[in-house]
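Descriptive analysis of the structure
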Amino acid sequence: MNNGLLFLGGLLAVFLAALFGGPYAVDWNGYRGVFEEEASKVLGRDVRVGGDVAVRFLPTPFVRFEKVRLADTTGQTGEPFVRAESFTMRLAVSPLLRGEFVATEIELLKPVLSLVPDAEGGGNWASLELKPGALPFVPQNVTLHSVRLVDGTISIHRPDGGDMTRVEQINGELSAETLKGPFKFKGTGLIGGAARDIKFATMPPEASGAVRFKAAVNAEAGQNSYLFDGQIEDFSTKPRVTGEFSGKIHVAVPQASGGAASNEPPPVFDLKSQVKADARGATFEGVELALDGVAEPQIITGQATAQWSQQSRMDAVLAAKWLDLDVLAAPKGEQSSIPGLKQLFINLMSGLGTGDAAGVRLDVEQVKFGGERAGSLHLDVERRNDATTIRS
């Protein structure tokens, strides 16, 4: 009896020693080629692991790949489609015993996603697809409880490979019930040099393949915030987005007399518009900008277009029946001036993004300026890079 217990105890000791010590004894870098080959088959693109490979079973199973690269088949930027300093996957123990692959947490350290739209409405993402794994140890049931992004970047390029825009310092958590969604993300990022809170959530795909989603970009008090509620179609080939775009637009007014900063909150426009967008550009129909918290309604309406396939540019044609420029172009309690009006439109043009150019035509039937009701106002404002030109 005692000998039997000692034998079982010895087997258990050997088993635990193998679990704890086995992965350390194995040089997993020798299996790098196998991992690269299988990942390339699953994603339909070359996958390369330039750093070490680590595998542990206990106390928590995990797999880590360092310096991961997913190829860009177009070669337009000279950069991989996706690269990351490391990819770490932590796995649940009990599902592994049932043959299921449940990732309790995935961490991507410094991931960089490089997107390049083309003139046909597609882009360098078009050939990317998930295929079933061919090797017997590749599981079929995958659940993503948490994907942590640490110091990530999304870089969007022009078709010629030049930089268009970037979202940097992305930190947050992505979760999904399956690899097909629905997805949720909550985190932060740097957009146009300003810190933003970023959230989005998708619904399960519809029968047509369209996916409904909501996205929100918020900031600290006194800065612009945006909300989108719509759907995306043909995501993997030529994506098209339609829906309602809304937001709060804060108008930066000139400083008070003497150069002192004002403690009053800036004027705020409530923005609403219907949007249709693809990889080449977007149209904004039914644009409405309603000034918040004023006695007399002040509403600007119109339409706008944006393009980013060749150069980044936004144009808007706007009109209003009545605008109080003393509210918009001067600190509270003061009257607007020509320099203040000029600074107002420079601020508005800079708010249309950091692209190559932007243009706005504004027609107002009646304005209040310098404390007096004046006649109509007609302005054409053009911005090219950092230079703004105003014509009346």
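Rules of the game
- Residues numbered from 1 in each chain as written.
- Predicted model: local features only at pLDDT ≥ 70, side-chain atom pairs only at ≥ 80, totals over all residues.
- Heavy atoms only, no water.
- Helix = DSSP H or I, 4+ residues; strand = E, 2+ residues; numbered from the N terminus.
- Contact = heavy atoms within 4.5 Å.
- Phe/Tyr/Trp six-rings, centres within 6.5 Å; stacked < 30°, edge-to-face > 60°.
- Buried < 20%, exposed > 50% of the residue type's maximum accessible area, 1.4 Å probe, protein only.
- pLDDT = per-residue confidence, 0-100.
- Pairing = 2+ DSSP bridges.

**Thoughts on the overall build of the protein**
Regarding its fold elements, the protein presents 5 helices and 21 strands. Partitioning the contacts of the protein with sequence separation of at least 6, the portion at a separation of at least 24 is 47%.

**Regarding the packing of aromatic side chains**
Centre-to-centre distance and the angle between the planes together describe a pair of aromatic rings. If you walk through the whole model with that rule in mind, you get 6 aromatic pairs. On the basis of an interplanar angle of 80° and a centroid distance of 5.3 Å, the ring pair of F35 and F65 is categorised as edge-to-face. Pair noted here: F35 is in helix α2 (residues 32-43) and F65 is in strand β3 (residues 62-70), with a separation of 30 residues, a long-range link. Taking relative accessible area as the criterion, F65 reaches 14% and is therefore assigned buried. The interplanar angle of 20° and the centroid separation of 5.7 Å between the aromatic rings of F185 and F200 together place this pair among those described as stacked. With F185 in strand β9 (residues 183-191) and F200 in strand β10 (residues 194-202), this residue pair connects regions lying 15 residues apart in the sequence. F185 gets classed as buried once you look at its relative accessible area, which sits at 8%. Among the aromatic side chains, those forming a connected cluster through ring pairs are F35, F65 and F87.

**Thoughts on the environment of P339**
With respect to the helices and strands, P339 occurs in helix α5 (residues 338-350). Take P339: its relative accessible area is 58%, and that puts it in the exposed class. Considering only alpha carbons, one finds P339 and A329, 10 residues apart in sequence, at a separation of 9.0 Å.

**Focus: the confidence of the model for the protein**
Summarising the model, the protein shows a mean pLDDT of 82, and 84% of its residues fall at 70 or more. Segment residues 1-22 is flagged for pLDDT under 50; beyond a separation of four residues in sequence, or across chains, it makes 6 contacts in the model. Segment residues 135-140 is flagged for pLDDT under 50; beyond a separation of four residues in sequence, or across chains, it makes 9 contacts in the model.

**Structural notes on the pairing of strand β16 (residues 299-307)**
Bridge analysis of strand β15 (residues 281-291) against β16 gives 8 bridges, and the strand direction is antiparallel. Across the sheet, residue V287 finds its bridge partner in β16, namely G302. In this sheet, strand β17 (residues 313-324) lies alongside β16 in antiparallel orientation, the contact comprising 8 bridges. Each residue of the ladder has a partner; that of T305, found in β17, is D315. Counting the residues that bridge the hairpin from β16 to β17 gives 5 residues.

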